[in-house]
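Read off the chains here:
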Amino acid sequence: MGRGLFITVEGTDGSGKTTQIVLMKNYLEQKGYDVVLTREPGGTHISEKIREIILDPSNSRMSAITEMILYAAARAQLVYEVIKPALKSGKIVICDRFIDSSYAYQGFGRGIDLEIVGNVNKAALDGEIPDITFFFDISPEIALSRRKASTGTDRIEREEMEFHMRVYNGYKQL
C-alpha cells in the first residue's frame, strides 16, 4: 500500500473550517476511503493537554516564543502519533490547521521572524508536509463574530482585531 494523502485546512477562527472538514471526511468515506480527521493543536492525549495551556484565557501573559514552542510541541506529537502512521498505512489525513497556522499566527500575528518559525517547526514536522492545503478566505470580523456567537472565545480569539488582521493578511501572503 502506498503513502496516503495529507490534506490540511487553514483559516481564521470562525471561518467554517470544522463544518467543511466534517463534510469532506464524510464525502471521502462514502467514496470508500479510510479517513483520519485531526486538529491542531490537539489530536493526541499529550497535544490536547498542550492545547488547554495555549488556549486558556488565564494564560494571557504567555510570551510569543512560548506560544510558538508549545504549538510546535503539540504538532510534533501529532505527527509522531497520528499523521505519520496513518499516511504510512495509506489513509487520508485531514488536519484542521498545520504549519501554515504557525506562520500566520506566530509569524505574521505575533511578529516572530518567519525563518525562526520555520526552524522551530522543522523538527516537529519530521518531514511531513501537506499534499494540499485549503484556505478558507473570510474576513476576520465576520469569522470572529460567528465564533463568539457559537462557542465563546479562547485566549487567541480575545486578541485585538489588529492581531487577527495581521494573521488574515499573513494567510493571504502564504
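Each remark here, short or long, concerns the structure printed above.
For clarity, every value in this text was computed on a predicted model and none was experimentally measured.

Rules used throughout
Residues numbered from 1 in each chain as written. Predicted model: local features only at pLDDT ≥ 70, side-chain atom pairs only at ≥ 80, totals over all residues. Heavy atoms only, no water. Helix = DSSP H or I, 4+ residues; strand = E, 2+ residues; numbered from the N terminus. Rg over C-alpha atoms; globule rule 2.2 N^0.38 Å. Buried < 20%, exposed > 50% of the residue type's maximum accessible area, 1.4 Å probe, protein only. Pairing = 2+ DSSP bridges.

S.K.: Help me understand the overall build of the protein chain, please; the structure alone is not making it clear to me.
M.R.: A tally of regular secondary structure across the protein chain gives seven helices and four strands. The order of α-helices and β-strands along the protein chain, N terminus first, is β-α-β-α-α-β-α-α-β-α-α. Taking 16 Å as the expected radius of gyration for a compact globule of 174 residues, we find that the protein chain reaches 16 Å, a close match to that expectation. Expressed along its principal axes, the backbone C-alpha trace of the protein chain runs to roughly 45 × 35 × 30 Å.

S.K.: I keep staring at the pairing of strand β1 (residues 5-11) and nothing clicks. Help me out?
M.R.: The two faces of the sheet receive side chains in turn, since in a regular strand these alternate between them. Within β1, six of the seven residues are buried, which leaves the element mostly enclosed by the surrounding structure. In this sheet, strand β3 (residues 92-96) lies alongside β1 in parallel orientation, the contact comprising five bridges. Looking at β3, one finds that phenylalanine 6 is bridged to valine 93.

S.K.: Help me out: how do you make sense of unusual backbone geometry in this one?
M.R.: Apart from glycine, the bulk of residues carry a negative phi angle, and the bulk of peptide bonds sit in the trans form. Cis geometry is found at the peptide bond from glutamate 40 to proline 41, where omega equals -15 degrees. Here proline 41 is to be found in the loop between β2 (35-39) and α2 (45-55). Of note in the backbone geometry, arginine 97 takes a positive phi value of approximately 85 degrees without being a glycine. Tracing the chain through its elements places arginine 97 in the loop between β3 and α4 (99-109). Located in the positive-phi region is aspartate 126, a residue other than glycine, with phi close to 45 degrees. Take aspartate 126: it is sitting in the loop between α5 (114-125) and β4 (132-136). For aspartate 126, a relative accessible area of 45% corresponds to the partly exposed category.

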